[in-house]
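Summary of the model geometry
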Amino acid sequence: MFGLDGKVALVTGATGGIGAEIARALHGQGAKVALSGTRQEKLEALAAELGEGVLVAPADLSDPAAPQALVEKVEAELGRLDILVNNAGFTRDGLAMRMSDKDWSDVIEVDLAAPFRLARAAMRGMMKRRSGRIVSIASIVGTTGNPGQANYAAAKAGLIGMSKSLAQELASRGITVNVVAPGFIRTPMTDALNEQQKARLMERIPLGRMGEATDIAAAVAYLASDAAGWVTGATLHVNGGMAMT
Amino acid sequence: MSDTAEKVKKIVVEHLGVEEAKVTDTASFIDDLGADSLDTVELVMAFEEAFGVEIPDDAAEKITTVKDAIDYIEAQKAA
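Residues numbered from 1 in each chain as written. Chains lettered and ligands numbered in written order. Predicted model: local features only at pLDDT ≥ 70, side-chain atom pairs only at ≥ 80, totals over all residues. Heavy atoms only, no water.

Residues and elements named next belong to chain B. The UniProt record annotates "modified residue: O-(pantetheine 4'-phosphoryl)serine" (unreviewed entry) at Ser37. Of note, Ser37 is situated in helix 2 (residues 37–51). Taking relative accessible area as the criterion, Ser37 reaches 57% and is therefore assigned exposed. (UniProt positions renumbered as here; feature names shortened; annotations may be inferred. Helix = DSSP H or I, 4+ residues; strand = E, 2+ residues; numbered from the N terminus. Buried < 20%, exposed > 50% of the residue type's maximum accessible area, 1.4 Å probe, protein only.)

Here it is as structure tokens:
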């Protein structure tokens, strides 16, 4: 139902737990997948795991010129770009009182400006073909806020506003633009929480467990597919019911 | 008709899916040929690609008719 045969996808941040799972899901649906990230060895390892129809495309998205070059590389090597997944992002947490300009702008640059630049570069070919998918990975904190994450929450909320605007600009060209907003996903970082912290977190998640990267990847695979052709400007919250917006 | 004019009109026909006869020099992309704002951006990008010229935003805004496009591109090529 969510088949992606013949499609080409680009996943940024493919070295991370969620990004790698998204790449696996899209590849599993038949897409050729370009894997981007900063750690070449991890990209190579994922590429080796996936097998055929994979391009390793390292990029440092803090460089403003990188997004255009990355999209051009994918189009040159895989022939086209049908599905852009803006997954790359990082945090630099701190209470606002202590947050430096650099902590603010570095996060905004990679988590919000780079996705915009990637979308701008990708939409050219998509417009010509009258079809395309842009899916950005935001976060529950973009909707709810989170103390210590003013920069990250602003970037993630920004992705939602950006996507709604692009959705309206590009709808007439058959391009959909959507957001997946994960809640708390099980990662090495959340595994490090102590039992009491975990218990407090669970109280806030009606479905009673942490999310898995596969929960997010499934949402992306849906939005990337032809089956989601009538969905645009939407934010799909995948958070175990933690925030119902 | 100059080479430039011919090429410009061909691009307009292809991009907007309009009949060639409608693409006169004075035809306005939006008012006469049914283009929307995104179409005009696409046209400018297509002109840039086809002619190897750069059309900055302030110049692009003033290109509203077929003749505007031809004149601008010919001026750029002559420069």
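Okay, the environment of Gly125(A) next. With respect to the helices and strands, Gly125(A) occurs in helix 4 (residues 101–129). Taking the C-alpha atoms as reference points, Gly125(A) and Val71(A), 54 residues apart in sequence, are found 9.8 Å from one another.

Moving on, we come to the sheet that holds strand 2 (residues 32–35) of chain A. Residues and elements named next belong to chain A. In space, the seven strands of this open sheet follow the order 3-2-1-4-5-6-7, with parallel pairing throughout. Strands at the two margins of the open sheet, each flanked by one partner only, are strand 3 (54–56) and strand 7 (235–238). Taken pair by pair, the neighbouring strands of this sheet meet at an average axis angle of 15°, ignoring direction. Note: strand 1 (residues 8–11) against strand 2, four bridges, orientation parallel. Bridge pairing in strand 2 places Ala9 opposite Val33. Against the sheet, helix 6 (residues 150–170) contacts strand 5 (132–137), strand 6 (175–182) and strand 7, and its axis sits at roughly 160° relative to strand 6. (Pairing = 2+ DSSP bridges. Axes fitted to C-alpha atoms, helices over the stretch in contact; angles between N-to-C directions. Contact = heavy atoms within 4.5 Å.)

If you look at the interface, chain B gives seven residues, while chain A gives seven residues. Buried surface at the junction of chain B and chain A, both sides included, amounts to about 680 Å², of which 43% is carbon and sulfur. Our enumeration of links across chain B and chain A arrives at six salt bridges. The partner of Glu42(B) in a salt bridge is Arg130(A), and the shortest N-O contact between them spans 3.3 Å. At the surface where chain B touches chain A, the tally comes to six residue pairs in polar contact (both at pLDDT 80 or more). No other element matches the five residues that helix 2 of chain B contributes to the side of chain B that touches chain A. Here the residues of the side of chain B that touches chain A sort into two nonpolar, one polar and four charged. (Buried area = accessible area lost by both parts, 1.4 Å probe. Salt bridge = Lys/Arg side-chain N within 4 Å of Asp/Glu carboxyl O. Polar contact = N/O pair within 3.5 Å; in protein donor to acceptor, adjacent residues only side chain to side chain. Nonpolar A, V, L, I, M, F, W, Y, C, P; charged D, E, K, R; others polar.)

Two measures describe an aromatic ring pair: the distance that separates the ring centres and the angle between the ring planes. Evaluated as defined, the whole model comprises one aromatic pair over all chains. Over the ring of Phe51(B) we find Lys7(B), and its NZ or CZ is 4.8 Å from the ring centre. (Phe/Tyr/Trp six-rings, centres within 6.5 Å; stacked < 30°, edge-to-face > 60°. Lys NZ or Arg CZ within 6 Å of the ring centre and 35° of its normal.)

Soluble globular proteins tend to pack their nonpolar side chains together in the buried interior. All names here are of chain A. Ranked by size, the top nonpolar core spans 48 residues in total, and within it Leu10, Leu70, Val74, Leu84, Ile134 and Leu170 carry the most contacts. Of all elements in the fold, only strand 1, helix 3 (66–78), helix 4, helix 6 and strand 6 reach the threshold of two or more residues within this core. Counting residues per element, this core draws most heavily on helix 4, at 11 residues. Setting aside residues up to four positions removed in sequence, Leu84 forms contacts with Leu10, Leu118, Ala119, Ala122, Met126, Arg133, Ile134 and Val135. Within the second largest apolar cluster, 32 residues are counted, among which are Val11, Ala31, Ala217 and Ala224. (Core = buried A, V, L, I, M, F, W, Y, C linked by side-chain atoms within 4.5 Å.)

All names here are of chain A. As annotated in UniProt, the feature "binding site: NADP(+)" (unreviewed entry) corresponds to Thr38, Asn87, Tyr152, Ala153, Ala154, Ala155, Lys156 and Ile185 in the numbering used here. The greatest C-alpha distance among the annotated residues, which extend across 148 residues, is 23.3 Å, indicating that they are dispersed rather than converging on a single site. One can find Tyr152 in helix 6. Setting aside its immediate chain neighbours within four residues, Tyr152 contacts Phe90, Thr91, Val107, Asp111, Ser139 and Val141. Note that Ala154 resides in helix 6. The residues touching Ala154, leaving out its near neighbours within four places in the chain, are Trp104, Ile108 and Gln149.

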